[in-house]
Structure formats: structure tokens, C-alpha cells
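Architecture at a glance
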Amino acid sequence: MIPRLIYNQLQKLMKQFPVVAVVGPRQVGKTTLARQYSNTLKKDAVYLDLENPADVKKLSDPQVFLEDYPDQCVIFDEVQRMPQLFPLLRYLVDKKRNAGRYLLLGSASPEMIKDVSESLAGRIAFIEVTPFNLPEVTDAKNKLQKLWLRGGFPHAFLAGTDPKCFDWLQHFIRTYVERDLNQLFGVSFSPQLMYRLWQMLAHFHGSIWNAQTFARGLDVSAPTVNRYLDYLESAFMLHRLPPFFINTKKRLVKAPKVYLRDTGLLHALLDIHSMHLLRAHPAIGNSWEGFVIEQVDRLKPPALRSYYYRTHDGSECDLVLVKGLKAVACVEVKYSASPSAGKGFYESIHDLKSRNNFILIPTPEDYSLTKNIRVVGLEIFLSRYLPKLKG
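Residues numbered from 1 in each chain as written. Predicted model: local features only at pLDDT ≥ 70, side-chain atom pairs only at ≥ 80, totals over all residues. Heavy atoms only, no water.

**Here we look at the sheet that holds strand S14 (residues 373-377)**
- Pairing is mixed across the open sheet formed by 6 strands, whose spatial order is S9-S10-S11-S12-S14-S13. The sheet is open, and its two edges are formed by strand S9 (305-310) and strand S13 (366-370), each paired on a single side. This sheet shows a mean twist of 30° between the axes of neighbouring strands, independent of strand direction.
- Sheet analysis places strand S12 (residues 356-361) next to S14, joined by 4 bridges and oriented parallel. Bridge pairing in S14 places Leu360 opposite Val376. (Pairing = 2+ DSSP bridges. Helix = DSSP H or I, 4+ residues; strand = E, 2+ residues; numbered from the N terminus. Axes fitted to C-alpha atoms, helices over the stretch in contact; angles between N-to-C directions.)

The structure is reproduced here in C-alpha cells:
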């Protein structure tokens, strides 16, 4: 089992808050994380899977059931399926406000987050579990290439061969499209339409979002496409990277850029099933850009926010790390062992007045390109430079 970086945070929050919610996509390891935590407790935890009819039956009168366990940690898996529990949990917590009473696992529908936040405000902390991060896969051979190609879902990354990995990913996509999204959000998606949307998103990975283009391609309205995008983002399948605005006379691009969060899913949708195929594919640059941005966004200091910057006259920066209204770092992403900085990147640095500027590449390099731009391998950047960018 690969140790998760977030586990220590889970332990800390369970000692501080009565309720902790662990959210993230399905099959990402939330249940494994919860069971690992429960094994450290002095008393056995009570585990309830709300997709299991037998466990649901135990909660036919949830107050009677839960009042029998005032001193034990109760774990609810797929808790978004029973939002009526949240007001009851508030009552029970207020009755006995001990830390670590309830651990909620959810695949993060917007309704779940909204209901939990309203019912348990001041009593709950949230943790997002993502697919594997690069610093977590320390023992893997060619770990950067493997994680980039396969993505970080445990069953995909740990599969014995690339064909087994992508067979799992194809089934995962099919299940998400045909069943899971409908269950998460209580709506009836057309599986064919949703699959076409995922394929379009794969081909537009890293592009600026234009709802009208997708609406025409799918023969639906722009509001419908935007609503579907909201669902995919809420299910942690998609990342909308917002533009960064500053006071400038330049005309700025104001639409978000869109990325599939897991590059394994991206490659499965593009029929890229090996590093050989990836290196020869025209999408390699956008794939590498999305992989780098996702890794940086997951591991950056909490005070920083991620944006991109682009003007209509050509200034462009792939990733801007911002604290408040200040650009702390400008990042350009290049799939090259000997990159150069373009005019647009220099202009972005001038516009944003950032002191820390990096070009991130796949090879383990670390050197100054100019006085204020450093070329760094992604793994080195994540461990050496990113933790120090605190504004």
C-alpha cells in the first residue's frame, strides 16, 4: 500500500473536530484511508456503507442507532446518499462535543457539501483525497513517466501492465458515465451525450473554455453544457483554471482554461495506451501541461491560489500562483530538456511583477536561465521550491 501524504492531516483534524469529511472521486482510496485510521483507534470504529442495503437498514431509526455509539468513531461511506443525517449529526455533536466522533466519506456532490456546510458549520473540517501525487510514489520505477501516463487512481497506477491499467480506466469511465454521475447528482444524464462531452474535453484539454463550441458539437444549449461542466468539476473529474486579473490597460482573456484532472483518464479517452504513443501524439504538450498544473495545485501551500494569465496581445503564463492580489510566482510548462522562455512569458513576468519565475520540465534539471527565471524539473520543484512560495 502506498502511504498517502494526507493521512497525517486526517489524524490531526480528527483530534480537533467532531466531524471530518473526506471527499474525492470514487475509487481514489477514501475507504482505505478511513480503515487505516480506524485501525489506530483504541476502540473499534463503526463502519456504515450507505450503498449497502444492510447498513442502510441499520439506520431506519438513525438517532436510536447512533446514540448507542457516543464514544466510538462512526464512519459513513458515500454519505451523500443520506443527507437527512446531517441535522441529526449536528444535534448529536452539540449534545457531546468530542473530537473524532464522525468520519464522513463522500464522492462530493454539490448537494452533499452544501448540506454538510449548512448543518455542521463550525463542527466539521474537509479533506480532499486526490489520486496519487508524485511525492507519494517514491518506490515506482520511472515514477514520473508512469504517473503521467497512467494517472494516479490506485487501481490504474498499480496495475501490472499498461494494458491492464487502461482496461481498468476504460471500465471506470464507462461506469462513471452510465451510473455514477446519475447517482451522485440525482439527475438523468444521457450516457452517450456525457461520453461525447468527455471525449471533447479530452481533445480540448488545456484550452480556453467556450461553451458555444461544445454546445454546437453536442447539439445542446450552452447553459446545459455549463451545467454538465459543473457536475464534472464537483465530481473531481475536471479542473477549471481561472484567469488572473490585474489593473492593466491590456485586454485580458477572461474565460477559464479546462483540464481533465487525471492524465490517465485523459490518455484513455485519447487512446494513448503507452509512453511510445504519448511521445508521438500531438496532445503531448497539453497533457504534460495539465499534469504539471494538477500536481502543483494539489501540493502548493494553502495560502496560494492557482490561475493562468493571458492577454489579447500575446502575454501568456501557464500558471500563476497568487496570494491575495499578489502574484507570488509565474510558471511556464515545457515538455523539453532544453527549454527557452518565449516573449509572452517575459511580458507576463513584467506585467505581474513576480519575483519567482520557473520553467518546469520533465527532466531532473535545476539551473538559472536568466537572472529571474529558473529551469527546474517538476519533481525538484515540488520538493525544493514550491514549499517555500508563501508570499
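Further notes follow.
**A look at the packing of helix H9 (residues 162-185) against helix H10 (residues 191-203)**
- Following both chains from N to C, one finds H9 and H10 inclined at 130°, their axes separated by 9 Å at the closest point. In terms of orientation, H9 lies oblique with respect to H10. Crossing hand, H9 versus H10: right-handed. For the pair H9 and H10, the contacting residues are Gln170, Ile173, Tyr176, Val177, Glu178 and Leu181 in the first and Pro191, Met194, Tyr195 and Trp198 in the second.
- Tallied by class, the residues present in the contact of H9 with H10 amount to 8 nonpolar, 1 polar and 1 charged. (Parallel < 35°, antiparallel > 145°, perpendicular 65-115°, else oblique. Left-handed = near helix turned anticlockwise from the far one by under 90°. Contact = heavy atoms within 4.5 Å. Nonpolar A, V, L, I, M, F, W, Y, C, P; charged D, E, K, R; others polar.)

**A look at the nonpolar core**
- Ranked by internal contacts, the top residues of the largest apolar core, which has 101 residues, are Leu10, Leu103, Trp198, Leu201, Val296, Leu378 and Phe381.
- In terms of residues, this core owes the most to one element, H9, which gives 10 residues.
- Among residues more than four places away in sequence, those in contact with Leu201 are Trp209, Phe214, Leu229, Leu232, Leu238, Val258 and Leu260.
- Residues Phe76, Leu85, Leu88 and Val93 belong to the second largest nonpolar core, which totals 23 residues. (Core = buried A, V, L, I, M, F, W, Y, C linked by side-chain atoms within 4.5 Å. Buried < 20%, exposed > 50% of the residue type's maximum accessible area, 1.4 Å probe, protein only.)

**Some points on helix H11 (residues 211-218)**
- Residues Ala211, Phe214, Ala215 and Leu218 constitute the buried set of H11. Seen from one end, H11 has its buried residues packed into an arc of 105°, which puts them on one side.
- On its buried face, H11 is in contact with H10 and helix H12 (222-234).
- Residue Asn210 occupies the N-cap position of H11, its side-chain oxygen lying 3.0 Å from the main-chain nitrogen of Gln212. (Arc of directions from axis to C-beta. Polar contact = N/O pair within 3.5 Å; in protein donor to acceptor, adjacent residues only side chain to side chain.)

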